[in-house]
Amino acid sequence: MVFQFTSAFYIQSLPSLLAILLILILWKRRHVEGVVYLILFECSNAIWSIADGLEHASTILGLKIFWSQFAIFGASTIPPLFLLFTLAYFKSEKFPDRRIIPLLFLLPAITLGLSTTNQYHHLVWEKIEMISPNGSIYHYGEWFWIYVFYEFILSLIAIFILSTDTIKFYKIYKRQIVYLIVASILPFTACVLYIFKLIPLNADLTPISLSIMGISLAINIFKQGMLDILPIARKQIINNLGDGIIVIDMANRVVDANSAIATILGISQEQIVGKPFESIDQKIIPPELNSCQERSTTETVIKKGNETRYFEVTFNPVSLHNQKLIGKIFILHDITGRKNAMDSAVTSNNLLRDEIKEKEKLILDLDAYARSVAHDLKNPISGLLGLRELIRDDIKNGKKDEAFELIEIVHEQGLKMYNIVDELLLLARIRKEDLKPVPLEMSSIIKEALKRLNGRISQNHFSIEIPDSWPSVLGHAQWVEEVWVNLISNALKYGGTPPSIRIGYDKADGSYYRFWIQDNGNGHSSESLKKLFNDFERLENKNKEGHGLGLSIIKRIIEKLGGEVMVTSENSPGKGCIFSFTLKTTPDK
């Protein structure tokens, strides 16, 4: 009889049925990463199991050798396939590299070839003895130990990957991987016990232990949802998030980190995971957040080179069912765009607020100016209307000389109105124009101002003191000339009889010079001084001509040039007022 089917045959063949059942289960999930290798793994297990059972049932030595050779085909491919499944399941973003797959099966292919030609070299089995109709003893050759060593190395690598990756996943995944680790150690242990004859049984329990591994795998698939939600899928989702995520255990060691946090820190994920958090912190987590026990959110700033980024940092505790804290999760959300937008909005609001204030001030200025100028325009206009009748009467009566005198008065009144309008236009222009200050020739500017006031100077017979030299400052010549015209005009108008004017300068604080003009009038009270540059107020002497626009022009010009205006007075006859303004010195002075 060629075969003798005993209970041992059925026990050793049973794993093949379990393997086929698992293949049918896995086939529905064949599109999941790594499942193809697991299907081939179970195919090899089925081949090994049925061949091992038939080898045990064979009663002829030649038939036993044939089934042993067939069993090697299944057994030799199991470790490479399990390693490929492990690599694909946990590290599919990097492995397996298809170029290494043929290399993994090179030794199994050589072993299969050597086993089929063993009678010529005895490298796989030196000798095979029949000790009973169903029993046999295999004496292993030199190549067999090379092949076994290679298979053990592949199995240990797969178990190592399973073990090291366990710490990187959360509870549901850890349970899956622990089942796989325990199940994968069983076949490895059974193989060692059989090959080194450490048990009295003359039977290879490795296929049976592979069946136990298959049962564990089935439990994982149906009960734990393995292959439905893969750890690698979780890793890919986390890595594709734009927010930085870092997980820390209670020993303050980083157990997980995504690619976004690596980009934020400017280092690789390998330099983060497994390292003490203090070594890669770089102040990304505020101290008050690191000591929290409940979910909290704050903001932090991370500077990298010349770039500054703003992040919203959220802390989430990782707790067991009994609320025991076992880790911390920090999520960094980049809010730089939002922060910059808010800053821009604040800046825009401030600019708008300043513009509104400027508009309000302009409205108040125009209102005050209207009150002040209306009176001064009304007088010459009323005079012009009255002079028209007088001139007509003089011409009709042949009084040409009187008519010409009246025409000169009309001309003077017209000039006054022209000056009022011209100064109003200048005030509006100062507010709108944005000129770059340039070095000034102050001596020439004052000469031009005096030339413009030549008519009034000749009428007042005044005295004036002016320095021989002037400091170099920055400004706009036409505007500064207007300042001096207004200041000298006021000194003539409100000075003593005859007017005496002193003009000078001195060094002010910082990089500024102070220019001043003093008259010999009666001066002004402190209450009057407060109003001089506001609301287009005229000086206290209401009998003096003026429309209050000149001082406002002075203030606008000097502030536009980055300086300031001041006035002091002792309110004592003969000591008058001292008006002054500051301008910035040129860079080389």
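What counts and what doesn't
Residues numbered from 1 in each chain as written. Predicted model: local features only at pLDDT ≥ 70, side-chain atom pairs only at ≥ 80, totals over all residues. Heavy atoms only, no water. Helix = DSSP H or I, 4+ residues; strand = E, 2+ residues; numbered from the N terminus. Buried < 20%, exposed > 50% of the residue type's maximum accessible area, 1.4 Å probe, protein only. Contact = heavy atoms within 4.5 Å. Areas by Shrake-Rupley, 256 points an atom, 1.4 Å probe, with all protein chains shown as cover. Pairing = 2+ DSSP bridges. Axes fitted to C-alpha atoms, helices over the stretch in contact; angles between N-to-C directions. Parallel < 35°, antiparallel > 145°, perpendicular 65-115°, else oblique. Left-handed = near helix turned anticlockwise from the far one by under 90°. Salt bridge = Lys/Arg side-chain N within 4 Å of Asp/Glu carboxyl O. Phe/Tyr/Trp six-rings, centres within 6.5 Å; stacked < 30°, edge-to-face > 60°. Lys NZ or Arg CZ within 6 Å of the ring centre and 35° of its normal. Nonpolar A, V, L, I, M, F, W, Y, C, P; charged D, E, K, R; others polar. pLDDT = per-residue confidence, 0-100. Expected span 1.5 Å × (residues − 1). Bend = angle between axes of the 7 residues up to and from the residue. Patch = residues over 30% accessible without salt bridge, like charges linked within 9 Å, V, L, I, M, F, W, Y side chains within 5 Å. Core = buried A, V, L, I, M, F, W, Y, C linked by side-chain atoms within 4.5 Å.

### Considering the overall build of the chain
And then number 1: In terms of helices and strands, the chain carries 20 helices and 14 strands.
And then number 2: Relative to its full complement of 589 residues, the chain shows a buried share of 44%.
And then number 3: Excluding contacts between residues fewer than 6 apart, the proportion of contacts in the chain whose partners are at least 24 apart in sequence is 64%.
And then number 4: Accessible area of the chain: about 31700 Å², with a carbon and sulfur share of 60%.

### Here we look at the sheet that holds strand 7 (residues 325–334)
And then number 1: Ordered in space as 4-3-7-6-5, the five strands form an open sheet in which the pairing is antiparallel. The two strands at the open ends of the sheet, each matched to only one other strand, are strand 4 (254–257) and strand 5 (296–304). The mean angle between the axes of side-by-side strands here comes to 25 degrees, regardless of whether they run parallel or antiparallel.
And then number 2: Note: strand 3 (residues 244–249) against strand 4, three bridges, orientation antiparallel. Paired with Ile 246 across the two strands is Ala 257, which belongs to strand 4.

### Brief notes about the sheet that holds strand 12 (residues 512–518)
Backbone-to-backbone hydrogen bonds pair the strands of a sheet. The strands run either parallel or antiparallel.
And then number 1: Judged by pairing direction, the sheet is mixed, and its five strands sit side by side in the order 9-11-12-14-13 without closing on themselves. The open sheet has two free edges, formed respectively by strand 9 (463–465) and strand 13 (565–569), since each of these has just one partner strand. Sheet twist, expressed as the average angle between the axes of neighbouring strands with direction ignored, equals 15 degrees.
And then number 2: As defined by bridge partners, strand 13 adjoins strand 14 (residues 577–584) across five bridges and the pair is classed as antiparallel.

### A look at the packing of helix 16 (residues 442–452) against helix 18 (residues 477–494)
And then number 1: Contact geometry for helix 16 and helix 18: axes closest at 9 Å, N-to-C directions at 50 degrees. Taken together, the axes of helix 16 and helix 18 are oblique relative to one another. Viewed along their axes, helix 16 and helix 18 form a crossing whose handedness is right-handed. Touching Met 442, Ile 445, Ile 446, Glu 448, Ala 449, Leu 450 and Arg 452 of helix 16 are Ala 477, Val 480, Glu 481, Glu 482, Trp 484, Val 485 and Ile 488, all from helix 18.

### Some points on the side chain of Thr 586
And then number 1: Inspection of the secondary structure assignment puts Thr 586 in the segment after strand 14.
And then number 2: Apart from the residues within four sequence positions on either side, Thr 586 is in contact with Pro 439, Ser 472, Val 473 and Leu 474.

### Quick word on the pattern of salt bridges
And then number 1: Using the criterion set out here, one finds 12 salt bridges in the structure.
And then number 2: One salt bridge connects Lys 339 with Glu 299, and the closest N-O pair in it is separated by 3.6 Å. One end of the pair, Lys 339, is in helix 14 (residues 336–396); the other, Glu 299, is in strand 5, and 40 residues separate them in sequence.
And then number 3: Accessibility expressed as a relative area gives 43% for Glu 299, which makes it partly exposed.
And then number 4: Linked by salt bridges that have partners in common, Glu 307, Arg 309 and Asp 334 make up one network.

### A look at the packing of aromatic side chains
And then number 1: If you walk through the whole model with that rule in mind, you get 18 aromatic pairs.
And then number 2: Ring centres 5.4 Å apart and planes at 40 degrees place the aromatic pair Phe 315 and Phe 330 in the tilted group. You can see Phe 315 sitting in strand 6 (residues 307–319) and its partner Phe 330 sitting in strand 7, a full 15 residues away along the chain.
And then number 3: Put simply, the rings of Trp 470, Trp 484, Tyr 505, Tyr 513, Phe 515 and Phe 581 pair up and form one aromatic cluster.
And then number 4: Sitting above the plane of the Tyr 513 ring, Lys 507 keeps its charged end 5.3 Å from the centroid.

### Some points on the packing of helix 1 (residues 7–27) against helix 2 (residues 35–57)
And then number 1: Where helix 1 contacts helix 2, the two axes come as close as 8 Å, and the packing angle between them is 160 degrees. Compared by their axis directions, helix 1 and helix 2 come out roughly antiparallel. Note that helix 1 runs across helix 2; the crossing there is left-handed.
And then number 2: When the residues that make up the contact of helix 1 with helix 2 are grouped by side-chain class, the tally is 17 nonpolar, seven polar and two charged.

### Points about the confidence of the model for the chain
The predicted coordinates should not be examined in detail at positions where pLDDT is low.
And then number 1: Of all residues in the chain, 78% attain a pLDDT of 70 or more, and the chain-wide mean is 78.
And then number 2: Per-element confidence in the chain is highest for strand 12, whose mean pLDDT is 94, and lowest for helix 10 (residues 231–240), whose mean pLDDT is 60.
And then number 3: Throughout residues 538–547 the model reports pLDDT below 50, and contacts reaching past four residues in sequence, or to other chains, amount to 29 contacts.

### Considerations on unusual backbone geometry
And then number 1: The omega torsion across Thr 497 and Pro 498 is -5 degrees, close enough to zero to call that bond cis.
And then number 2: The phi torsion at Asn 571 lies on the positive side, around 55 degrees, for a residue other than glycine.
And then number 3: With respect to the helices and strands, the residue Asn 571 is situated in the loop between strand 13 and strand 14.

### Some thoughts on helix 1
And then number 1: Its 21 residues give helix 1 an end-to-end C-alpha distance of 31 Å, which sits within 8% of 30 Å, the value for a rise of 1.5 Å per residue.
And then number 2: The principal kink in helix 1, of about 30 degrees, is found at Ser 13, preceding the proline Pro 15 by one to four residues.
And then number 3: Looking at helix 1, one finds that the buried residues are Phe 9, Gln 12, Ser 13, Pro 15, Ser 16, Ala 19, Leu 22, Ile 23, Ile 25 and Leu 26.

### Topic: a nonpolar patch on the surface
And then number 1: Together, Leu 14, Leu 17, Leu 18, Ile 20, Leu 21, Leu 24 and Ile 215 make up a nonpolar patch on the protein surface, roughly 650 Å² of accessible area in all.
And then number 2: Per-element tally for the nonpolar patch: the top contributor is helix 1, with six residues.
And then number 3: Within the secondary structure, Leu 21 is located in helix 1.

### Looking at the nonpolar core
And then number 1: Counting 50 residues, the largest nonpolar core has Phe 41 and Ile 195 as the members making the most contacts within it.
And then number 2: Ranked by residue count, the leading element in this core is helix 3 (residues 61–91), at 12 residues.
And then number 3: Those residues in contact with Phe 41 that lie beyond four places of it in its chain are Ile 78, Leu 81, Phe 82, Leu 210 and Met 213.
And then number 4: Among the nonpolar cores identified, the runner-up in size contains 39 residues, and Leu 440, Ala 449, Ile 503 and Leu 532 belong to it.

### Some thoughts on the side chain of Asn 45
And then number 1: Structurally, the position occupied by Asn 45 is in helix 2.
And then number 2: Judged by its relative accessible area of 0%, Asn 45 is buried.
And then number 3: Setting aside residues no more than four positions away along its own chain, Asn 45 makes contact with Ala 19, Ile 78, Pro 207, Leu 210 and Ser 211.

### Here we look at the environment of Ala 190
And then number 1: Mapped onto the elements of the fold, Ala 190 is located in helix 8 (residues 171–195).
And then number 2: Between the C-alpha atoms of Ala 190 and Leu 205, which are 15 residues apart in sequence, the distance is 5.7 Å.
And then number 3: Excluding anything up to four places from it in sequence, Ala 190 contacts Leu 205, Thr 206 and Ser 209.

### Considering the environment of Met 130
And then number 1: On the secondary structure map, Met 130 appears in strand 1 (residues 125–130).
And then number 2: Classification of Met 130 by relative accessible area gives partly exposed; the value is 33%.
And then number 3: With 71 residues separating them along the chain, Met 130 and Thr 59 place their C-alpha atoms 8.8 Å apart.
And then number 4: Apart from the residues within four sequence positions on either side, Met 130 is in contact with Thr 59, Leu 61, Lys 64, Gly 135 and Ser 136.

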